[in-house]
Amino acid sequence: MRPWLFTVGRRLAIDARRARRARPAEVGEVLLDQAPPCADHADRAAAALDVREALRGLSREHRDVLVEVYFRGASVAEAAAALGIPAGTVKSRAYYALRSLRSVLPGYTPSVG
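Every value quoted in this text rests on a predicted model; they were computed, and no experiment measured them. (Residues numbered from 1 in each chain as written. Predicted model: local features only at pLDDT ≥ 70, side-chain atom pairs only at ≥ 80, totals over all residues. Heavy atoms only, no water.)

Draft legend 1. Layout of the overall build of the protein chain. Helix and strand content of the protein chain: six helices and zero strands. Ordering the α and β elements of the protein chain from the N terminus gives α-α-α-α-α-α. The buried share of the protein chain, reckoned over its 113 residues, is 18%. Taking contacts inside the protein chain between residues at least 6 apart in sequence as the whole, the part at least 24 apart equals 50%. For the protein chain, the accessible surface area stands at approximately 9300 Å², while carbon and sulfur atoms represent 56% of it. (Helix = DSSP H or I, 4+ residues; strand = E, 2+ residues; numbered from the N terminus. Buried < 20%, exposed > 50% of the residue type's maximum accessible area, 1.4 Å probe, protein only. Contact = heavy atoms within 4.5 Å. Areas by Shrake-Rupley, 256 points an atom, 1.4 Å probe, with all protein chains shown as cover.)

Draft legend 2. Inspection of a nonpolar patch on the surface at higher detail. Taken together, the side chains of Met 1, Trp 4, Leu 5, Val 8 and Leu 12 make up a nonpolar region of the molecular surface, amounting to roughly 610 Å² of accessible area. Following the sequence through the fold, Leu 12 ends up in helix α1 (residues 2-22). (Patch = residues over 30% accessible without salt bridge, like charges linked within 9 Å, V, L, I, M, F, W, Y side chains within 5 Å. Salt bridge = Lys/Arg side-chain N within 4 Å of Asp/Glu carboxyl O.)

Draft legend 3. Spotlight on the layout of surface pockets. As a volume, the largest pocket reaches approximately 290 Å³. In terms of lining, the largest pocket is formed by Arg 44, Ala 47, Ala 48, Val 51, Arg 52, Leu 55, Arg 56, Arg 63, Val 67 and Phe 71. Within the residue set of the lining of the largest pocket, elements represented by two or more residues are α3 (41-56) and α4 (60-71). Here the lining of the largest pocket gets seven residues from one element, more than from any other, and that element is α3. (1 Å grid on protein atoms, 1.4 Å probe; cavity = no way out; pocket = protein on both sides within 12 Å on 5 of 7 lines; lining within 4 Å. Points joined across faces, edges and corners; volume = space filled by probe spheres on them.)

Draft legend 4. Here's a closer look at a positive patch on the surface. Among the surface-exposed residues, Arg 17, Arg 18, Arg 20 and Arg 21 lie close enough to one another that they form a single positively charged patch. Following the sequence through the fold, Arg 21 ends up in helix α1. (Lys, Arg positive; Asp, Glu negative; His and termini not counted. Charge placed at Lys NZ, Arg CZ, Asp CG, Glu CD.)

Draft legend 5. Spotlight on the packing of helix α5 (residues 76-83) against helix α6 (residues 87-104). Two elements in contact, α5 and α6, have axes separated by 8 Å at closest approach and are oriented at 105 degrees. What the angle tells us is that α5 and α6 run roughly perpendicular. From α5, Val 76, Ala 79 and Ala 80 reach across to α6, where they touch Ala 87, Val 90 and Lys 91. Of the residues that constitute the contact of α5 with α6, the class distribution is five nonpolar, no polar and one charged. (Axes fitted to C-alpha atoms, helices over the stretch in contact; angles between N-to-C directions. Parallel < 35°, antiparallel > 145°, perpendicular 65-115°, else oblique. Nonpolar A, V, L, I, M, F, W, Y, C, P; charged D, E, K, R; others polar.)

Everything listed is a geometric property; what it means functionally is a separate question.
Below, the structure written as structure tokens:
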């Protein structure tokens, strides 16, 4: 009877350990108060809509340059080749397009990539 009792006890201990490992660790209220706040996706979505609307207000040439350089991540040379225009024209159009966006969207700073 004793070996059977040890086997049952051993299996219960293994099951308890597996159950603890399968569940995520519980977090106390103190840790929750110190956790950084989550990003608000609604603000990000609203900002994306504002940028899209502002891009619609640009001329097609300016919009194409911004799409190539900022949204597709192309270099000036790659954008020039894709659009069939000189690299200097890409730089100029990007400058004036961003200037126009800044006037429509105060505080907007585009990020590459």
